Amino acid sequence: MATVELRFSAQPEHVRTARLVAAAVARRVGVDEAVLDEVRLAVGEACSRAVGLHRSHGITAPVRVVLSEEEKTFSIEVGDEVPSAVGGATDVPGVRSTADEDVDGEGEDQMGLAVISGLVDDVEVSSTDDGGVIRMSWPVTPGAATR
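Residues numbered from 1 in each chain as written. Predicted model: local features only at pLDDT ≥ 70, side-chain atom pairs only at ≥ 80, totals over all residues. Heavy atoms only, no water.

Asker: Summarise the packing of helix H1 (residues 15–29) against helix H2 (residues 36–56); cite the residues concerned and give the values.
Answerer: When two helices pack together, their arrangement is given by the angle between their axes and by how far apart the axes lie. Two elements in contact, H1 and H2, have axes whose closest approach is 8 Å; the angle formed by their N-to-C orientations is 145°. Where H1 crosses over H2, the two elements pack in a sense that is right-handed. From H1, Val-15, Ala-18, Arg-19, Ala-22, Ala-23, Ala-26 and Arg-27 reach across to H2, where they touch Leu-36, Val-39, Arg-40, Val-43, Gly-44, Cys-47, Ser-48 and Val-51. Of the residues that constitute the contact of H1 with H2, the class distribution is 10 nonpolar, 2 polar and 3 charged. (Axes fitted to C-alpha atoms, helices over the stretch in contact; angles between N-to-C directions. Helix = DSSP H or I, 4+ residues; strand = E, 2+ residues; numbered from the N terminus. Left-handed = near helix turned anticlockwise from the far one by under 90°. Contact = heavy atoms within 4.5 Å. Nonpolar A, V, L, I, M, F, W, Y, C, P; charged D, E, K, R; others polar.)

Asker: Mind laying out H2, listing which residues take part and the relevant values?
Answerer: Between its terminal C-alpha atoms H2 stretches 30 Å, which fits the 30 Å expected from 21 residues at 1.5 Å a residue. All of the buried residues along H2 are Leu-36, Val-39, Ala-42, Val-43, Gly-44, Ala-46, Cys-47, Arg-49, Ala-50, Val-51, Leu-53 and His-54. A positive phi of about 65° marks Gly-58, the residue just after H2. (Expected span 1.5 Å × (residues − 1). Buried < 20%, exposed > 50% of the residue type's maximum accessible area, 1.4 Å probe, protein only.)

Asker: Report on the pattern of salt bridges, specifying residues and quantitative values.
Answerer: Evaluated as defined, the whole model comprises 7 salt bridges. Residue Arg-27 pairs with Glu-33 through a salt bridge whose shortest N-O separation is 3.0 Å. Salt bridges sharing partners connect three or more residues here, namely Glu-70, Glu-77 and Arg-135. (Salt bridge = Lys/Arg side-chain N within 4 Å of Asp/Glu carboxyl O.)

Asker: Could you give an account of unusual backbone geometry, with specific residues and numbers?
Answerer: At Lys-72, a position not held by glycine, the phi torsion is positive, near 65°. Accessibility expressed as a relative area gives 58% for Lys-72, which makes it exposed.

Asker: Can you tell me about the pairing of strand E5 (residues 122–128), naming the residues and giving the values?
Answerer: The alternating pattern of E5 places Val-123, Val-125 and Ser-127 on a buried face, while none of Asp-122, Glu-124, Ser-126 and Thr-128, on the opposite face, is buried. One ladder, built from 7 bridges, connects E5 with strand E6 (residues 131–139); its direction is antiparallel. For Val-123, the partnering residue across the bridge sits in E6 and is Met-136. What sits between the antiparallel neighbours E5 and E6 is a turn of 2 residues. (Pairing = 2+ DSSP bridges.)

Structure representation (structure tokens):
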């Protein structure tokens with residue numbers, strides 16, 4: 001499968017569309033049916049976080065969602081345009097952070113990251129001067145893909 005990329009304006013109503021697309025693509029590439037709700041919820045949290053960061057920092061650039069199938073893995077990256085010095089990655093137990101500069105985050109931001117880390121075994125949060133990315137991945141069951 002080629003990469004699927006979504007871009008949407010930072011409006012909360014678009015998060016639902018991103019969740020539905022992520023679940024549909026995950027099902028198509030062979031992610032176990034039992035995990036699809038976790039995919040939906042994790043993408044919803046990551047997209048809601050990105051939308052919130054964009055709105056709170058006055059950023060008009062779209063939120064990016066990249067879905068790709070790699071060898072035996074389905075990954076989703078949700079990217080924002082908020083520089084690390086402004087509102088990037090935070091320290092949350094269970095989440096690998098590759099931030100250039102960690103920031104003390106509070107409230108919804110940390111809660112969203114904690115929820116994501118509880119839903120996804122393989123999650124990485126990174127932040128640079130160009131923005132942040134939450135990368136999540138799930139195993140693909142060989143032969144289970146519906147094309």
